[in-house]
Amino acid sequence: MSLQGKIIILTAPSGSGKTTLANHLLQTFDRLSFSVSATTRKPRPGEIHGREYYYVSQDDFRRMIREDELFEYQEVYDNQYYGTLMSEIQRIWREGKVALFDIDVKGAQLVEQRGYKNVLTIYVKASSLEVLRKRLTGRGTESEEAIQKRLHRAAEELEYAKYFDYVITNDNLALAKKVVGLIVDDFIYSDIF
Ligand code: 5GP
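Residues numbered from 1 in each chain as written. Predicted model: local features only at pLDDT ≥ 70, side-chain atom pairs only at ≥ 80, totals over all residues. Heavy atoms only, no water.

A. Molecular detail of the packing of helix 5 (residues 129–139) against helix 6 (residues 144–157). Between helix 5 and helix 6, the least distance of the axes is 10 Å, while the angle of their chain directions is 150 degrees. Here helix 5 is positioned roughly antiparallel relative to helix 6, judged by the angle of their axes. Judged by the sense of rotation from one axis to the other, the crossing of helix 5 with helix 6 is right-handed. Two secondary-structure elements touch here, helix 5 through L129, L132, R133, L136 and T137 and helix 6 through E144, I147, Q148, R150, L151, A154 and A155. (Axes fitted to C-alpha atoms, helices over the stretch in contact; angles between N-to-C directions. Helix = DSSP H or I, 4+ residues; strand = E, 2+ residues; numbered from the N terminus. Parallel < 35°, antiparallel > 145°, perpendicular 65-115°, else oblique. Left-handed = near helix turned anticlockwise from the far one by under 90°. Contact = heavy atoms within 4.5 Å.)

B. Seen up close, the sheet that holds strand 8 (residues 119–125). Spatially, 2-7-1-8-9 is the arrangement adopted by the 5 strands of the open sheet, whose pairing is parallel. Edge positions in the sheet fall to strand 2 (32–34) and strand 9 (166–169), since each of these pairs with one other strand and no more. Each strand of the sheet is rotated relative to its neighbour by a mean of 25 degrees, with strand direction disregarded. In terms of strand pairing, strand 1 (residues 7–11) meets strand 8 through 5 bridges, oriented parallel. Opposite I7, over in strand 8, you have V119 as the bridge partner. Each of strand 1, strand 2 and strand 7 (98–102) touches helix 3 (residues 86–94); the most contacted strand, strand 2, lies at about 160 degrees to it. Along the sheet, helix 7 (residues 173–189) contacts strand 1, strand 2, strand 7, strand 8 and strand 9; its crossing angle with strand 8, the most-contacted strand, is approximately 175 degrees. (Pairing = 2+ DSSP bridges.)

C. View of the pairing of strand 5 (residues 70–77). Within strand 5, 6 of the 8 residues are buried, leaving the element largely enclosed by the surrounding structure. Here 6 bridges tie strand 5 to strand 6 (residues 80–85), and the two strands are oriented antiparallel to one another. Within strand 6, the residue paired with Y73 across the bridge is G83. Taken together, strand 5 and the strand that follows it, strand 6, pair antiparallel across an intervening segment of 2 residues, in which N79 is found at a positive phi of about 65 degrees. (Buried < 20%, exposed > 50% of the residue type's maximum accessible area, 1.4 Å probe, protein only.)

D. Inspection of the pattern of salt bridges at higher detail. Counted under the stated rule, the structure contains 15 salt bridges. Here R63 ties to E67 by a salt bridge, and the two come within 3.1 Å at their closest N and O atoms. Here the salt bridges share partners, and the residues they tie into one network are R41, R44, E47, R139, E142 and R150. (Salt bridge = Lys/Arg side-chain N within 4 Å of Asp/Glu carboxyl O.)

Put into structure tokens, the structure is as follows:
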């Protein structure tokens, strides 16, 4: 990719309030633009193709891998693939904006290993797995089996938190918004004098 812009990676388990924080950032900073990933999972009620994700078939996803259309991808859950589209990053950087990725820990590591310099990584965690379970149950969009999968995954992912530039505990949403806002503000404007 010729023109290299900035990337912010926001990583967190489902139910940690990450989407709320991501939306807060997008509303606060005009220079941020969300990179919409491709996924093979089915849309949840209320989700819209092209807004939360591009929902694609397994065949389409395989084709995207073959044709090098993905910047990174992971099988986040069994048989559920998620990937960052090259075309999204190019669009965002062409607009002179900073790309916001909502991707898992392994995807985040891959991006860093690529040697990109302009990358900020933030890990958002809930104070405990119990809090996470309550949020996931309260959301009511997932089956018990899916909730179990997500909790198991959250426990595994926590191991990777130490590799991130910042780790934010989202116990108090108002505070978490402020903290994440300060970190992002500093990163976005750090090279403008
Ligand atoms: P959900 O199904 O709850 O929307 O997302 C499940 C997980 O997949 C989350 O941890 C989310 O950050 C991750 N994810 C979403 N898009 C991507 C992507 O493009 N690449 C990677 N590696 N992970 C993603």
